[in-house]
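One letter stands for each residue in the lines below.
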Amino acid sequence: MIIKGKAIKYGNDVNTDVILPGRYLHLTDPEEMVKHVLEDLDPDFLKKFHIGDVVVAGRNFGCGSSREQAVMCLKYAGVGCIVAKSFARIFYRNAINQGLPVVESPDAADIIDSGDELEIDINEGFIVDKTKNLRFSFHPIPGFIKKILEAGGLIPRLKKLGEE
Amino acid sequence: MTFAEKILAKYGGERQVTPGQIVTVSPDHLLTHDNTAAIVQKIQEELEKYGIYNKTFPVVVLDHVIPAASEKTARNHKIIRDFVKKHGIKNFFDIGIGICHQVMIEKGLALPGKLLLGSDSHTCSYGAVGAFSSGIDRTEAAALMLTGETWLKVPSSIKITLKGKLKSGVMAKDVILHIIGDISASGATYCSVEFTGNIKQFSVDDRFTIANMGVEMGAKNAYFPPDEITTSYLDQIGIARSSYTPVFPDRDASYDMELEYDLSNMVPMIACPHSVDNVRKVDEVAGIEINQCLIGTCTNGRVSDLQITARILKGKKVHPDVRLLILPASKKVYEEALRNGIIEILVKAGAVILPPGCGPCLGAHQGVLAPGERCLSTANRNFKGRMGCKEAEIYLSSPATAAVSAIYGVITDPREVIKT
């Protein structure tokens, strides 16, 4: 699984209330949800963003509520991957179960700047910052989690297991 | 082994586990709330084919937007009631019974030594009675609904020893705000936070407040070792002692971090906008004008919280520029507050009593803020936009601080009023 995109960088403690505010939690239509992604953190996010781009952040990304919409809106928007110094644990699990790749790499999250061209290899466990010509490695994820990501999330994975 | 290691070894069928290890577990219960509709929609086909894992496993509580605030939420609730009937789910609590976390403890579903998962971040609350409990996402909940089984990573553990005794006017809420301010909103990420020390001064209500906010420092779970306070609480709600087996950490357990706090030095604390770890001593922010006070929620909506609120407001009036909202955590709390005359005191003082549920805490209804307004709340989160408006500010405090501040219309040190 290889992801290519530009970095869009934020700080520490990006919480689920700014990723998708509570006032939009009633939305179920992906297109409607996407219009408000990260709205309270960065109203210009969608203007800068291209499909496949990578959100890079500091510590504790996704802290706060367990709302799945926080992951869904990022996934529906087409975010390729999230790289952070660390993730809030519910968000991390949420992302895997929705099939959105998440990578914990304190070094990369420190050094990468907004606009850097990135290439991320989930299976091998490395990030290449092509703009800075740097390579960062991270612990590859366990096999059974890789299978969930490859299937596009936990439910598709279960369906597949059910069929097998 | 720490508490978390011991309980995950027990449920994972291992003699010994270490942090980082992944175990497969079958939790005792799965909690879902208004999000049950979204959860079951993910697995419609499978539910038709295989049904749910078993009828006593799920606990479904309607609490988030109750009574329904719109056609959309009403439809949602209807889908859930139909699902519950169709599958014969035993543990269903319709609107008005209480906030899901309070219901889990009050109904004896969360017990010492049990393992519970819930699709809500504040599921970590049940460490108040010595259970291992943690929040999960909806997709995981959907899978659990079908299989009853999932994986958990064994967390590292943090030991927090509470020494000394709290002074009058300082509450359990101040303790947890102090700790979060100290170690930050990510200070316990992925960790089991295990409390010990002079915890006898804390009732199950107080422990609930502290464990509830574990997730606000990133914790996977929080834990108070069960003692006679726990067992007498459980006796009181009619739980036979034979129905649970407490789990305790070993004496030689290895912790990633050990912290110690002297409670006798603690003072009332306020979490300032817009993060829970932006904590100040009350005298640093005293005098800030407020427009609304919210006392209650799953963090501070129990009888002891309402009792101190009533003690402060008895014979007084809420400041004319302040709306005081009271949110009892459950019907049981509400009934007891009615019996004790608490509700009458609060209503006479000018408070508005909300139905037992999540109310305005997550900004969906019943007390949403306007731009430029400030709310002093006893809830657990003050993120930007949390109470429905991103141009509003939320401060967090104990019920005592909120009640005193409601009288003066500005953030006020409760110790000025509570002298004894």
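Residues numbered from 1 in each chain as written. Chains lettered and ligands numbered in written order. Predicted model: local features only at pLDDT ≥ 70, side-chain atom pairs only at ≥ 80, totals over all residues. Heavy atoms only, no water.

1. Details of the overall build of chain B
Line of reasoning, step 1. Tallying secondary structure elements over chain B gives 15 helices and 18 strands in all.
Line of reasoning, step 2. The C-alpha radius of gyration computed for chain B amounts to 21 Å, which stays within 12% of the reference 22 Å derived for 420 residues, consistent with globular compactness.
Line of reasoning, step 3. Taking the principal axes of its C-alpha atoms as reference, chain B extends roughly 60 × 55 × 40 Å.
Line of reasoning, step 4. Looking at chain B residue by residue over its 420 residues, the buried ones come to 63%.
Line of reasoning, step 5. In chain B, the share of contacts with a sequence separation of at least 24, taken over all contacts with a separation of at least 6, comes to 76%.
Line of reasoning, step 6. Within the structure as shown, chain B displays about 14,800 Å² of accessible surface, and the carbon and sulfur contribution to it stands at 49%. (Helix = DSSP H or I, 4+ residues; strand = E, 2+ residues; numbered from the N terminus. Rg over C-alpha atoms; globule rule 2.2 N^0.38 Å. Buried < 20%, exposed > 50% of the residue type's maximum accessible area, 1.4 Å probe, protein only. Contact = heavy atoms within 4.5 Å. Areas by Shrake-Rupley, 256 points an atom, 1.4 Å probe, with all protein chains shown as cover.)

2. What about the sheet that holds strand β7 (residues 134-137) of chain A?
The pairing of strands in a sheet happens through backbone hydrogen bonds and is either parallel or antiparallel.
Residues and elements named next belong to chain A.
Line of reasoning, step 1. Pairing is mixed in the open sheet, where seven strands are placed in the order β4-β3-β2-β1-β5-β6-β7. Looking at strand neighbours, the two that pair on one side only are β4 (102-104) and β7, the edges of this open sheet. On average, adjacent strands in this sheet sit at an angle of 25° to one another, irrespective of strand direction.
Line of reasoning, step 2. Bridge analysis of strand β5 (residues 117-121) against strand β6 (residues 126-129) gives four bridges, and the strand direction is antiparallel. Each bridged residue has a counterpart across the sheet, and for Asp121 the counterpart in β6 is Phe126. (Pairing = 2+ DSSP bridges. Axes fitted to C-alpha atoms, helices over the stretch in contact; angles between N-to-C directions.)

3. Structural notes on the packing of aromatic side chains
Line of reasoning, step 1. Following the criterion strictly, the structure yields ten aromatic pairs over all chains and no others.
Line of reasoning, step 2. An angle of 25° between the planes, with centres 5.1 Å apart, marks the rings of Phe45 of chain A and Phe49 of chain A as stacked.
Line of reasoning, step 3. When its relative accessible area of 9% is taken as the criterion, Phe49 of chain A is described as buried.
Line of reasoning, step 4. Ring geometry for Phe61 of chain A versus Phe91 of chain A: centroids 5.2 Å apart, planes at 75°, classification edge-to-face. Of this pair, Phe61 of chain A sits in the loop between β2 (54-57) and α4 (69-77) while Phe91 of chain A sits in helix α5 (residues 89-97); the two residues are 30 residues apart in sequence, bridging distant segments of the chain.
Line of reasoning, step 5. Under the relative-accessibility criterion, Phe61 of chain A is labelled buried at 1%.
Line of reasoning, step 6. Through pairs of rings, three or more aromatic residues link up here, namely Phe61, Phe87, Phe91 and Tyr92 of chain A.
Line of reasoning, step 7. Taking NZ or CZ as reference, Arg93 of chain A lies 4.0 Å from the ring centre of Trp151 of chain B, over its face.
Line of reasoning, step 8. Stacked on the ring of Phe208 of chain B, the Lys or Arg Arg302 of chain B has its end atom at 3.7 Å from the ring centre. (Phe/Tyr/Trp six-rings, centres within 6.5 Å; stacked < 30°, edge-to-face > 60°. Lys NZ or Arg CZ within 6 Å of the ring centre and 35° of its normal.)

4. Things to note about the packing of helix α12 (residues 303-313) of chain B against helix α14 (residues 342-349) of chain B
All names here are of chain B.
Line of reasoning, step 1. At their nearest, the axes of α12 and α14 sit 9 Å apart, and the two run at 45° to each other. The angle between α12 and α14 falls in the class oblique. When you trace α12 past α14, the crossing you get is left-handed. Residue-level contacts link Val303, Leu306, Gln307, Thr309, Ala310 and Leu313 of α12 to Ile342, Ile345, Leu346 and Ala349 of α14.
Line of reasoning, step 2. Class assignment of the residues belonging to the contact of α12 with α14 gives a composition of eight nonpolar, two polar and no charged. (Parallel < 35°, antiparallel > 145°, perpendicular 65-115°, else oblique. Left-handed = near helix turned anticlockwise from the far one by under 90°. Nonpolar A, V, L, I, M, F, W, Y, C, P; charged D, E, K, R; others polar.)

5. Observations regarding the nonpolar core
Line of reasoning, step 1. Counting residues in each nonpolar core, the largest one holds 56 residues, and the members touching the most others are Phe61, Leu74, Ile82, Phe91 and Ile120 of chain A.
Line of reasoning, step 2. Sorting elements by how many residues they give to this core places α4 of chain A first, with six residues.
Line of reasoning, step 3. When near neighbours in sequence (up to four residues on either side) are disregarded, Ile82 of chain A contacts Val55, Phe61, Leu74, Phe87, Phe91, Leu100, Pro101, Val102 and Val103 of chain A.
Line of reasoning, step 4. Residues Phe202, Ala211, Met217 and Leu294 of chain B belong to the second largest nonpolar core, which totals 46 residues. (Core = buried A, V, L, I, M, F, W, Y, C linked by side-chain atoms within 4.5 Å.)

6. What to know about the sheet that holds strand β4 (residues 91-93) of chain B
All names here are of chain B.
Line of reasoning, step 1. Taken together, the five strands give an open sheet; going across it, the order is β4-β3-β2-β5-β6, and neighbouring strands pair in parallel fashion. A single partner strand is all that each edge strand has here, and the edge strands are β4 and β6 (132-135). Ignoring strand direction, the axes of neighbouring strands in this sheet form an average angle of 15°.
Line of reasoning, step 2. Pairing between strand β2 (residues 29-32) and strand β3 (residues 58-61): three bridges, direction parallel. Looking across to β3, one finds that Leu30 is bridged to Pro58.
Line of reasoning, step 3. Against the sheet, helix α1 (residues 3-12) makes contact with β5 (115-118) and β6, and its axis sits at roughly 90° relative to β6, the strand it touches most.

7. Focus on the interface of chain A and chain B
Line of reasoning, step 1. Each partner contributes residues to the interface: chain A has 36 residues there, and chain B has 36 residues.
Line of reasoning, step 2. Both faces combined, the contact of chain A with chain B buries some 3,100 Å², and carbon together with sulfur accounts for 52% of it.
Line of reasoning, step 3. Looking only at chain A, the three residues that lose the most surface to chain B are Arg89, Arg93 and Ile155 of chain A, adding up to 23% of its buried area.
Line of reasoning, step 4. Linking chain A with chain B are five salt bridges, by the criterion used here.
Line of reasoning, step 5. Among the ionic pairs, Asp40 of chain A bridges to Lys390 of chain B, the shortest N-O distance being 3.5 Å.
Line of reasoning, step 6. There are 17 residue pairs in polar contact (both at pLDDT 80 or more) connecting chain A and chain B.
Line of reasoning, step 7. Only α1 (16-19), α5, α7 (143-151) and α8 (154-163) of chain A provide two or more residues apiece to the side of chain A that touches chain B. (Buried area = accessible area lost by both parts, 1.4 Å probe. Salt bridge = Lys/Arg side-chain N within 4 Å of Asp/Glu carboxyl O. Polar contact = N/O pair within 3.5 Å; in protein donor to acceptor, adjacent residues only side chain to side chain.)

8. Some details on the pattern of salt bridges
Line of reasoning, step 1. The final tally for this structure, using the stated rule, is 30 salt bridges over all chains.
Line of reasoning, step 2. Between Lys47 of chain A and Asp44 of chain A there is a salt bridge, with the nearest N and O atoms lying 3.1 Å from each other.
Line of reasoning, step 3. Among the salt bridges present, the one from Lys78 of chain B reaches Asp82 of chain B, with a minimum N-O distance of 3.5 Å. Separated by four residues within a single helix, Lys78 of chain B and Asp82 of chain B lie in helix α4 (residues 71-87), roughly one turn from each other.
Line of reasoning, step 4. Here Asp82 of chain B falls in the partly exposed class, since its relative accessible area comes to 41%.
Line of reasoning, step 5. Counted as one network, the salt bridges with shared partners bring together Arg23, Glu39 and Asp40 of chain A together with Lys390 of chain B.

9. Quick look at the domain arrangement of chain B
Residues and elements named next belong to chain B.
Line of reasoning, step 1. Domain parsing of chain B yields domain 1 (19-261) and domain 2 (270-416).
Line of reasoning, step 2. Domain 1 and domain 2 are separated by 23 Å when their C-alpha centres are compared.
Line of reasoning, step 3. Across the contact, 34 residues belong to domain 1 and 39 residues belong to domain 2.
Line of reasoning, step 4. In total, about 2,900 Å² of surface goes out of reach between domain 1 and domain 2, with carbon and sulfur atoms giving 61% of it.
Line of reasoning, step 5. Per-residue buried area on domain 1 facing domain 2 is highest for Ile99, Met171 and Lys173; these three make up 20% of the total on that side. (Domains from an automatic or database assignment.)

10. Describing the pairing of strand β1 (residues 2-9) of chain A
Line of reasoning, step 1. In the sheet, β1 of chain A pairs with β5 of chain A via five bridges, with the strands oriented antiparallel. Its bridge partner being in β5 of chain A, Lys6 of chain A is matched across the sheet by Glu117 of chain A.

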